[in-house]
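An overview of the molecular structure
Here is how the chains run, residue by residue.
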Amino acid sequence: MLESRWLKAVGVAAAITLAAATAAQAAPAPEPAAEDASAVVTLRYDDSRAGGWEAQIAAGVASWNSNVDNVKLVEAAPGTRAEIQIVATSGWPQATLGPVRPGGQVRVELGSQAVAQGHDKTRIAAHEIGHSLGLPDTKPGPCSQLMSGSSAGTSCKNAVPNAAEQSRVESAYAGGLASRVPADGRVLVDAP
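Residues numbered from 1 in each chain as written. Predicted model: local features only at pLDDT ≥ 70, side-chain atom pairs only at ≥ 80, totals over all residues. Heavy atoms only, no water.

**Some remarks on the overall build of the chain**
In plain terms, the rule: Per the convention used, a helix needs a DSSP run of H or I reaching at least four residues, while a strand needs a run of E reaching at least two, with both numbered from the N terminus. Exposed residues in this analysis have more than 50% of their type's maximum accessible area, buried residues have under 20%, and partly exposed residues fall in between, with area computed by a 1.4 Å probe over protein chains only. Any two residues having at least one pair of non-hydrogen atoms within 4.5 Å are treated as being in contact. Note on areas: these come from Shrake-Rupley sampling with a 1.4 Å probe, and a residue is covered only by the protein chains present in the view.
A tally of helices and strands in the chain yields 5 helices and 6 strands. When the helices and strands of the chain are read in sequence order from the N terminus, they spell out α-β-α-β-β-β-β-α-α-α-β. Across the 192 residues that make up the chain, the buried fraction comes to 38%. Across the chain, every contact between residues at least 6 apart in sequence was considered, and the portion connecting residues at least 24 apart equals 64%. Roughly 10,300 Å² of accessible area belongs to the chain as shown, and the carbon and sulfur atoms make up 58% of that amount.

**As for the state of the cysteines**
As used here, a disulfide is simply a covalent bond connecting the sulfur atoms of two cysteines. Condition: Any pair of cysteine sulfurs within 2.5 Å is marked as a disulfide.
Within the structure shown, the criterion is met by 1 disulfide. Residue cysteine 143 pairs covalently with cysteine 156 via a disulfide, S to S 2.0 Å. With the S-S bond torsion at 85°, the cross-link from cysteine 143 to cysteine 156 turns out right-handed. With cysteine 143 in the loop between α4 (121–132) and α5 (163–172) and cysteine 156 in the loop between α4 and α5, this residue pair connects regions lying 13 residues apart in the sequence. You can call cysteine 143 partly exposed: its relative accessible area is 29%.

**Focus: the nonpolar core**
Note the following rule: We define the nonpolar core as a collection of buried residues of types Ala, Val, Leu, Ile, Met, Phe, Trp, Tyr and Cys that are connected through side-chain atoms lying within 4.5 Å of one another.
Ranked by size, the top nonpolar core spans 32 residues in total, and within it Ile57, Trp64, Leu73, Leu133 and Tyr173 carry the most contacts. Looking at this core, the elements with two or more residues in it are β1 (41–49), α2 (54–67), β2 (71–75), β3 (84–89), β5 (106–111), α4 and α5. If one sorts the elements of this core by residue count, α4 sits on top with 4 residues.

**Regarding unusual backbone geometry**
Backbone torsion omega between glycine 98 and proline 99 reads 20°, so that peptide bond is classified as cis. Relative to the helices and strands, proline 99 resides in the loop between β4 (94–96) and β5. Cis rather than trans, the peptide bond between lysine 139 and proline 140 has omega equal to -10°. Counting through the fold element by element, proline 140 comes out in the loop between α4 and α5.

**Topic: the side chain of glutamate 83**
Topologically, glutamate 83 is positioned in the loop between β2 and β3. The buried category is assigned to glutamate 83, whose relative accessible area is 2%. Excluding residues that lie within four positions of it along the chain, glutamate 83 makes contacts with Leu43, Arg44, Val100, Arg101, Pro102, Gly103, Gly104, Gln105 and Val106.

**Digging into the pattern of salt bridges**
Threshold: Each reported salt bridge corresponds to a side-chain nitrogen of Lys or Arg within 4 Å of a carboxyl oxygen of Asp or Glu.
Counting across every chain of the model gives 2 salt bridges. A salt bridge links glutamate 83 to arginine 44, with the nearest nitrogen and oxygen atoms 3.1 Å apart. Taken as a pair, glutamate 83 in the loop between β2 and β3 and arginine 44 in strand β1 lie far apart in primary sequence, 39 residues in all. Residue arginine 44 is classed as partly exposed on the basis of its relative accessible area, which comes to 31%. Between arginine 107 and glutamate 109 there is a salt bridge, and its shortest N-O distance comes to 2.8 Å.

**A look at the pairing of β1**
Applied cut-off: Think of it this way: DSSP has to see at least two bridges between two strands before they count as a pair.
Taken together, the 5 bridges between β1 and β2 define a ladder with parallel strand orientation. Note that in β2 the partner of leucine 43 across the bridge is leucine 73.

**A short note on the packing of aromatic side chains**
The condition is simple: By convention, a stacked pair of Phe, Tyr or Trp rings (six-membered ring in the case of Trp) has centres within 6.5 Å and planes under 30 degrees apart, an edge-to-face pair has planes over 60 apart, and any other such pair is tilted. Counting as a charge over the ring demands two things of the Lys NZ or Arg CZ atom: a distance within 6 Å of the ring centre and an angle within 35 degrees of the ring normal.
Applying the stated criterion to the full structure yields 0 aromatic pairs. Positioned above the aromatic ring of tryptophan 53 is the side chain of lysine 121, whose terminal nitrogen or guanidinium carbon lies 4.7 Å from the ring centre.

**Considerations on the confidence of the model for the chain**
Heads up, the condition is: The pLDDT score gives, residue by residue, the confidence of the prediction method on a 0 to 100 scale.
Per-residue confidence for the chain gives a mean pLDDT of 82, with 73% of residues at or over 70. Contacts for the low-pLDDT stretch residues 1–37, under 50 throughout, to residues beyond four places or in other chains number 1 contact.

Structure, rendered in structure tokens:
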């Protein structure tokens, strides 16, 4: 009889343990984190006609890539279409005002006249790419604003978009697409 009670008690304990384990396993899994609503837009650039600017273009691209979350600039493979065509010229820097959409196309001209006057090449490259992403000039402006361009003076070396500039680009590319508003298309010349 004792043995029967003992077996019964062990059986009840086992059943309780099994029920608890089953309930723990059957408990609903925690809700998965909501998917990030801001998909990344990849834009390709072609700098094959921007000889002498390669390092500065790479630094300008890196600045944008590390400061905005939903746009990624990548170098286009040779022979493929690029949304951003970057060329070196002898004039003043200029660019088509975006935001450029995937499959669209804008042009960036990195002019040597600004360099001859003492402006920083990396700042020029990052600033002109900013136009392609939809940012107009903010002249006159302080050095802390990338889009103040030449108005910040030749001593300004800042090639990093400030928080407002970052936010504006991220807003233009929210949800994985460029702004529903087509690219402005105006050419902005960055002469003083």
